[in-house]
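For reference, the chains in residue letters:
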Amino acid sequence: VVEGLTQRLRPLIALLCGAWMVAVTDHAFADLTGGPWIPGTDAVVRAVGMRQSWEMFRNPGRLEDTAELWGLRVDRSGVLLVSGRRPLAEPWLSWPYDHRNKIQRRILSNEAVRERWALAACGLDPDVVAVRVVRERAQLPAPGEPRSPKRKRTTEGTYPCPR
Amino acid sequence: VPALTRLSDWWFPELEPRRLALLRIGWAVCMAVALVPSALDASWLFGGPWVIGGALVAVAAYGAGLATRVTGPLAWVLFQVLHAQNPDWSTGGDSVLRVFGAYTVLMPTEAVWSVDARLGWTRPLTRRTWLLRLFQLNLCLLYVKTGLVKLPNPLWQQGLAVHYSLALQGHQRIPLDALLGSAAVVSKVLTWSTLVFEVGFPLVWWRRARVPVLIAGLALHLSIGALMDVGVFSVAMIWTYVAFVPLPDPKSLT
């Protein structure tokens, strides 16, 4: 019965498949076309968990930002809890890719994420009363140039630890 | 109308059971690559191990072809839940697994190399064949979009994008500074050829160009994966090629 029905409905299924691809294209190309142009497509694509933008390495940039999390003690001394390059203390993220890219980027771009991770880092050292999130910015070397050791550091926020 | 009939028939290709099985197993392997390392940090990333643990069990069952019509969609839904729990966790490779996984888990992938096949729990291969077409078209859309979006960027126009991508220490697998210092021409060739490949990927529909296009893509993603830590992205992209790669006729192998 299902096979027979599928055969009969082929034109309708083909039409729906075509409509789906139009919707996905309208959604995915929205930033290039100034769209979405067809009302509702974006909402439908997102609602079924198929949102997509495909902007991998769109702008590699000439700068590289990483986040450092510094713990501040009562005597105002600082201790590096999480390096921008790799984890210093366990438990932090075991997998380098998660640590270096997935979370680093979000810590620097999103205030709520920054606060969440700063508060989580409080648990890495019992003497720490606050955590300071520092953006470490490095200039990438142009072709033929050596890598500069200079790093520019700016404080993104300081968060008191709940005790 | 014959033309319309042909057009509608195009959406219903004949499915090759081994291709479907490779899509299933490949997706499960890629999902494991994405999930296992993060499972080690489940309390940090997701507040507990339950959802990611459940996703891993479902992925393992789906990869083995056990109750695929349940375990595949379940694994995909749990993957979505993980992204909802922690949107910071999602990157390009995860998007590839999410989007193309959705098409895969709904296909009848259990006909061969599966527990379901041994138990006789298989669906006819004539069902949902259009999902393979959606998979293939979405893959073309991915490449064309990612190519077009780069075109206006000066670093891509000047041929410097590969140089600066390789200079990102957060992505480097091995220190590449010595190579970067002396390879401006290489960067230009690789940057521009990447753009040509991405925008030209739809040539994969032309039978004569299919194998060269897929080999070029394989070279691109293998080199990215070898030189840069981009998580599951390289493996996931290579997996998507299963939808296009010509499979040898099993009779010719015997």
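Residue positions are given per chain, counted from 1 along the sequence in the order it is written. Both sets of labels track the order of writing: A upward for chains, 1 upward for ligands. Reporting in this predicted model follows two pLDDT cut-offs: at least 70 for local features of residues, and 80 or more for side-chain atom pairs to be given and counted; totals over whole chains, interfaces and linings ignore these cut-offs and use all residues. Water and hydrogen atoms play no part in the side-chain values, which are based on all heavy atoms of the structure.

## A closer look at the overall build of chain A
Link 1 in the chain: Helix numbers and strand numbers start at the N terminus; a helix is a DSSP run of H or I with at least 4 residues, a strand a run of E with at least 2. Looking only at helices and strands, one finds six helices and four strands in chain A.
Link 2 in the chain: Overall, chain A shows an N-to-C arrangement of helices and strands of α-α-α-α-β-β-α-α-β-β.
Link 3 in the chain: Within chain A, the fraction of its 163 residues that count as buried is 44%.
Link 4 in the chain: In chain A, the share of contacts with a sequence separation of at least 24, taken over all contacts with a separation of at least 6, comes to 56%. Each residue gets one of three labels from its accessible area relative to the maximum for its type: buried under 20%, exposed over 50%, partly exposed in between, using a 1.4 Å probe on protein chains only. The contact rule is simple, with two residues in contact once any of their heavy atoms fall within 4.5 Å.

## Considerations on the packing of aromatic side chains
All names here are of chain B.
Link 1 in the chain: Ring pairs shown here join Phe, Tyr and Trp side chains whose ring centres sit within 6.5 Å, with only the six-membered ring taken for Trp; geometry is labelled stacked below 30 degrees between planes, edge-to-face above 60, and tilted in between. By the definition in use, this model includes 14 aromatic pairs over all chains.
Link 2 in the chain: Measuring from centroid to centroid gives 5.1 Å for Trp 10 and Trp 11, while their planes differ by 80°, and the two rings are edge-to-face.
Link 3 in the chain: A connected cluster of aromatic rings, assembled from ring pairs, spans Trp 10, Trp 11, Tyr 143, Phe 197, Phe 201, Trp 205, Tyr 241 and Phe 244.

## Concerning the nonpolar core
Link 1 in the chain: Working definition of a nonpolar core: buried Ala, Val, Leu, Ile, Met, Phe, Trp, Tyr and Cys residues. They are joined through side-chain atoms within 4.5 Å. The biggest cluster of nonpolar side chains holds 96 residues, and the ones touching the most others in it are Val131(A), Trp27(B), Leu35(B), Leu97(B), Phe100(B), Tyr103(B) and Phe201(B).
Link 2 in the chain: With ten residues, helix 8 (residues 130-148) of chain B is the single largest residue contributor to this core.
Link 3 in the chain: Apart from residues no more than four positions distant in its own chain, Leu97(B) is found in contact with Trp27(B), Cys30(B), Met31(B), Ala34(B), Trp76(B), Phe79(B), Ala102(B), Val232(B), Ala236(B) and Trp239(B).

## Quick word on the state of the cysteines
Link 1 in the chain: Only a pair of cysteine sulfur atoms within 2.5 Å qualifies as a disulfide here. Inspection of every chain in the model, using the stated rule, returns one disulfide over all chains.
Link 2 in the chain: The closest cysteine sulfur to the non-disulfide-bonded Cys17(A) is located on Cys140(B), 15 Å from its own sulfur.
Link 3 in the chain: Judged by its relative accessible area of 3%, Cys17(A) falls in the buried class.
Link 4 in the chain: We note that Cys30(B) lacks a disulfide partner, and the nearest cysteine sulfur, in Cys140(B), lies 19 Å from it.

## Notes on the pattern of salt bridges
Link 1 in the chain: Salt bridges are defined by distance alone: a side-chain nitrogen of Lys or Arg within 4 Å of a carboxyl oxygen of Asp or Glu. Applying the stated criterion across every chain, the model contains 18 salt bridges over all chains.
Link 2 in the chain: In this structure, the salt-bridge partner of Glu110(B) is Arg123(B), at a minimum N-O distance of 2.9 Å. In this pair, Glu110(B) is assigned in the loop between helix 6 (92-106) and helix 7 (115-119) and Arg123(B) in the loop between helix 7 and helix 8, connecting sequence segments 13 residues apart. This pair shows no difference in class: Glu110(B) is buried, exactly as Arg123(B) is.
Link 3 in the chain: For Glu198(B), the salt bridge identified is with Lys150(B), shortest N-O distance 3.0 Å. Of the two residues, Glu198(B) is situated in helix 12 (residues 184-200) and Lys150(B) in the loop between helix 8 and helix 9 (154-157); the sequence distance between them amounts to 48 residues. Each member of the pair, Glu198(B) together with Lys150(B), is buried.
Link 4 in the chain: Each member of the salt-bridge network shares a partner with another, and the members are Asp65(A), Glu111(A), Arg114(A), Arg135(A), Arg137(A) and Glu156(A).

## As for the confidence of the model for chain A
Residues and elements named next belong to chain A.
Link 1 in the chain: Confidence scores here are pLDDT values: one per residue, from the predictor, ranging 0 to 100. Model confidence for chain A is summarised by a mean pLDDT of 85, while 89% of its residues fall at 70 or above.
Link 2 in the chain: No element of chain A has a lower mean pLDDT than helix 5 (residues 96-109), at 72, and none a higher one than helix 4 (residues 41-47), at 95.
Link 3 in the chain: Under a pLDDT of 50 for its full length, residues 87-94 has, in the predicted model, 27 contacts with residues more than four places off or in other chains.

## Observations regarding the side chain of Ser114(B)
Residues and elements named next belong to chain B.
Link 1 in the chain: Within the element layout of this structure, Ser 114 appears in the loop between helix 6 and helix 7.
Link 2 in the chain: Throughout this description, a polar contact denotes any pair of N or O atoms lying within 3.5 Å of each other; where both atoms belong to protein, one of them has to be capable of donating a hydrogen while the other can accept it, and for residues adjacent in sequence the pair is counted only when both atoms sit in side chains. A distance of 2.9 Å separates the side chain of Ser 114 from the backbone nitrogen of Ala 117, its partner in a polar contact.
Link 3 in the chain: Excluding residues that lie within four positions of it along the chain, Ser 114 makes contacts with Arg 24, Ala 64 and Gly 65.

## Quick notes on the interface of chain A and chain B
Interfaces are frequently sized by the accessible area removed from exposure as the parts join.
Link 1 in the chain: Between chain A and chain B, the residue contacts involve 59 residues of the former and 67 residues of the latter.
Link 2 in the chain: Defined in terms of a 1.4 Å probe, buried area is the accessible area two parts forfeit on being brought together, summed over both. Of the roughly 5800 Å² buried between chain A and chain B, counting both surfaces, carbon and sulfur atoms make up 60%.
Link 3 in the chain: We note a salt bridge from Lys145(B) to Asp31(A), for which the minimum N-O separation is 3.1 Å.
Link 4 in the chain: Where the side of chain A that touches chain B is concerned, the elements lending two or more residues are helix 1 (2-8), helix 2 (10-28), helix 3 (30-33), strand 1 (63-73), helix 5 and helix 6 (111-122) of chain A.
Link 5 in the chain: In terms of residues, the side of chain A that touches chain B owes the most to one element, helix 2 of chain A, which gives eleven residues.
Link 6 in the chain: Each residue is assigned to one of three groups, with Ala, Val, Leu, Ile, Met, Phe, Trp, Tyr, Cys and Pro labelled nonpolar, Asp, Glu, Lys and Arg labelled charged, and all others, Gly among them, labelled polar. Taken together, the residues of the side of chain A that touches chain B break down into 32 nonpolar, ten polar and 17 charged.

## Notes on the environment of Glu14(B)
Link 1 in the chain: Secondary-structure assignment places Glu14(B) in the loop between helix 1 (2-10) and helix 2 (17-39).
Link 2 in the chain: Through-space distance from the C-alpha of Glu14(B) to that of Val149(B) is 34 Å; in sequence the pair is 135 residues apart.

## Focus: the packing of helix 5 (residues 68-85) of chain B against helix 6 of chain B
Residue and element names in this part refer to chain B.
Link 1 in the chain: Interaxial distance between helix 5 and helix 6 falls to 9 Å at its minimum, and their mutual angle equals 155°. Comparing the axis directions of helix 5 and helix 6 gives the class roughly antiparallel. Helix 6 is crossed by helix 5, and the crossing has left-handed handedness. Packed against helix 5, whose contacting residues are Gly 72, Pro 73, Trp 76, Phe 79, Gln 80 and His 83, the element helix 6 presents Asp 94, Leu 97, Arg 98, Gly 101, Ala 102 and Val 105 at the interface.
Link 2 in the chain: Classifying every residue of the contact of helix 5 with helix 6 by side-chain character gives six nonpolar, four polar and two charged. Axis lines are fitted to C-alpha atoms, over the contacting stretch for helices. Their N-to-C directions set the angle, which ranges from 0 to 180 degrees. Between 65 and 115 degrees an angle is taken as roughly perpendicular, under 35 as roughly parallel, over 145 as roughly antiparallel, and anywhere else as oblique. The hand of a helix crossing depends on one turn: near helix anticlockwise from the far one by less than a right angle means left-handed, and clockwise means right-handed.

## Regarding the environment of Gly200(B)
Link 1 in the chain: With respect to the helices and strands, Gly200(B) occurs in helix 12.
Link 2 in the chain: Assessed through its relative accessible area of 22%, Gly200(B) is described here as partly exposed.

## Concerning a nonpolar patch on the surface
Residue and element names in this part refer to chain A.
Link 1 in the chain: On the surface, Leu 5, Leu 9, Leu 12, Leu 15 and Leu 16 cluster together into a nonpolar patch covering about 490 Å² of accessible area.
Link 2 in the chain: Along the chain, Leu 5 falls in helix 1.
Link 3 in the chain: Note on Leu 5: relative accessible area 49%, which makes it partly exposed. Only residues whose relative accessible area exceeds 30% and that form no salt bridge enter a patch; like-charged residues are grouped when within 9 Å of one another, and nonpolar side chains (Val, Leu, Ile, Met, Phe, Trp, Tyr) when within 5 Å. Using the Shrake-Rupley algorithm and a 1.4 Å probe, accessible areas are obtained, with residue cover drawn only from the displayed protein chains.

## With respect to helix 13 (residues 207-227) of chain B
Given 3.6 residues to a turn, an α-helix orients residues that are three or four positions apart in the same direction.
Residues and elements named next belong to chain B.
Link 1 in the chain: A helix is expected to reach a length of 1.5 Å times the quantity of its residues less one. Over its 21 residues, helix 13 runs 31 Å from end to end, which matches the ideal 30 Å to within 8%, given 1.5 Å per residue.
Link 2 in the chain: Inspection of helix 13 places Ala 209, Arg 210, Val 213, Leu 214, Gly 217, Leu 220, His 221 and Gly 225 among the buried residues, and these make up the whole buried set. Buried residues of helix 13, seen end-on, are gathered within an arc of 130° and therefore sit on one face of the element. Exposed residues on helix 13 whose side chains face more than 90 degrees from its buried face are Arg 208 and Ile 215.
Link 3 in the chain: Where helix 13 is buried, its residues contact helix 8, helix 12 and helix 14 (233-240). This arc describes the spread of directions from the helix axis toward the C-beta atoms.

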